[in-house]
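What follows is each chain in one-letter form.
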Amino acid sequence: SWGYQDHNGPEVWHELFPLANGDRQSPIAIKSSEVKYDPFLRPLSFSYDLTSPKVILNCGYAFSIECDDTEDRSVLRAGPLKGSYRLRQLHFHWGPTDDYGSEHTVDGLEFAAELHVVHWNSEKYPCFVDAAQQPDGLAIVGVLVKAGEHNSPLQKVINVLDVIKTKGSQVAFTNFDPSSLFPESLDYWTYHGSLTVPPLLESVIWIVLRQPITASSEQLATFRSLLCSAKGEPACCLLSNCRPPQPLRNRHVRAFFH
Ligand SMILES: NS(=O)(=O)c1ccc(O)c(NC(=O)NCCCCO)c1
Ligand SMILES: [Zn+2]
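Residues numbered from 1 in each chain as written. Chains lettered and ligands numbered in written order. Predicted model: local features only at pLDDT ≥ 70, side-chain atom pairs only at ≥ 80, totals over all residues. Heavy atoms only, no water.

## Things to note about the overall build of the protein
Helices and strands together make up the secondary structure of the protein, namely 4 helices and 15 strands. Rg of the C-alpha trace for the protein: 17 Å, near the compact-globule value of 18 Å for 258 residues, within the 12% margin. A principal-axis box enclosing the C-alpha atoms of the protein has dimensions of 55 × 40 × 40 Å. Within the protein, the proportion of its 258 residues that are buried is 53%. Nonlocal contacts in the protein, meaning residues at least 24 apart in sequence, comprise 71% of its contacts between residues at least 6 apart. Accessible surface, the protein as shown: approximately 11500 Å² in total, 53% of it carbon and sulfur. (Helix = DSSP H or I, 4+ residues; strand = E, 2+ residues; numbered from the N terminus. Rg over C-alpha atoms; globule rule 2.2 N^0.38 Å. Buried < 20%, exposed > 50% of the residue type's maximum accessible area, 1.4 Å probe, protein only. Contact = heavy atoms within 4.5 Å. Areas by Shrake-Rupley, 256 points an atom, 1.4 Å probe, with all protein chains shown as cover.)

## Side note on the coordination of the zinc ion (ligand 2)
The zinc ion (ligand 2) binds to the protein through H91 (NE2), H93 (NE2) and H116 (ND1); the donor distances cover 2.0 Å. Around the zinc ion (ligand 2), the 4 donor atoms sit at angles spanning 99 to 117°, and that spread fits a shape best called tetrahedral. All donor residues of the zinc ion (ligand 2) come from one chain, and their arrangement in sequence is H-x1-H-x22-H. For the pair formed by H91 and H93, the shared burial category is buried. (Donors = N, O, S within 2.8 Å, 3.2 Å for Na, K, Ca; no water. Tetrahedral: all angles 85-135°; square planar, octahedral: opposite > 155°, others 65-115°.)

## Regarding unusual backbone geometry
A cis amide bond links S26 with the next residue in sequence, P27, at an omega value of 0°. When you line up the elements, P27 lands in the loop between α1 (13-16) and β1 (29-30). For the bond running from P198 to P199, omega is 10°, close enough to zero to count as cis. Residue position: P199 is located in the loop between β12 (188-193) and β13 (204-209). A positive phi is found at R249, a non-glycine position, where the angle reads about 50°. Summarising the element assignment, R249 is placed in the loop between α4 (217-224) and β15 (254-255). Judged by relative accessible area, which is 48%, R249 ranks as partly exposed.

## Considering the site of ligand 1
C59, Y61, E66, Q89 and T196 are the nearest of the 14 residues found near ligand 1. The separation between an oxygen atom of ligand 1 and a polar side-chain atom of H116 is 3.3 Å. Taking T196, its side chain carries an N or O atom lying 2.8 Å from a nitrogen atom of ligand 1. Every element with two or more residues in the shell around ligand 1 is listed here: β5 (63-67), β7 (84-94) and β9 (113-121). When the residues that make up the shell around ligand 1 are grouped by side-chain class, the tally is 7 nonpolar, 6 polar and 1 charged. (Near = heavy atom within 4 Å. Polar contact = N/O pair within 3.5 Å; in protein donor to acceptor, adjacent residues only side chain to side chain. Nonpolar A, V, L, I, M, F, W, Y, C, P; charged D, E, K, R; others polar.)

## Comments concerning the pairing of strand β4 (residues 53-58)
Relative to β5, β4 runs antiparallel, the two being bridged by 5 bridges. What sits directly across from V55, in β5, is E66. Relative to strand β11 (residues 170-172), β4 runs antiparallel, the two sharing 3 bridges. Bridging across to β11, L57 finds its partner in Q170. (Pairing = 2+ DSSP bridges.)

Spelled out as structure tokens, the structure:
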């Protein structure tokens, strides 16, 4: 199946997932000089319940914190959005060194990693899977991660990674506020795009925060110690799980800030 190595990585995903060559693919390279300030964009508004996160799992190509999305307890509203989007999961992308690993880039700058907080439009659609098929179905907040100071809210997540080393493993993970990972400024860029992993569905309203958060090199190294192999298989480290920027085609990136 698909992955991030030469034989099954982003360059060959189009063979099994034709959307890979679609006209609203993600991530993209954000160029400040080409974004347009939109006065109609509103500030982001989110309200997360500490008990929404339930488990953290190693799905082989990332680890994700899966949330209980059976009711509207943790939601994202306003910003570029119409209606209310329910929190589903959050996960990270990273690279083999601190020099790259983010999916979105800004003015040619690659960051060490990127956090994605995934929400679905629970006002219009009955579940995540249905919403993921719709052009306005998902809203994903992207947070760029720079190598630097130790990140203490992130350490709560990192402390459990040794318990989910192998693909398919999971462990209970709750009492966590995803917004503890957000930077102080909620300035953002927004554009219409896709999932950055197969099936690459073009159903995402992307909200990329302008201010990066930091993580220490040691914290970033812990991501790379996760295995993409299952228990009992020859160990293979998940050194990188980032898709490169995709063509902008006929899209504009809007800015909430001047
Ligand atoms: N990169 S993305 O466009 O934000 C994105 C949006 C929705 C997704 O489901 C994934 N997939 C994912 O994170 N897989 C790890 C956990 C598997 C069990 O959920 C990625
Ligand atoms: Zn992602």
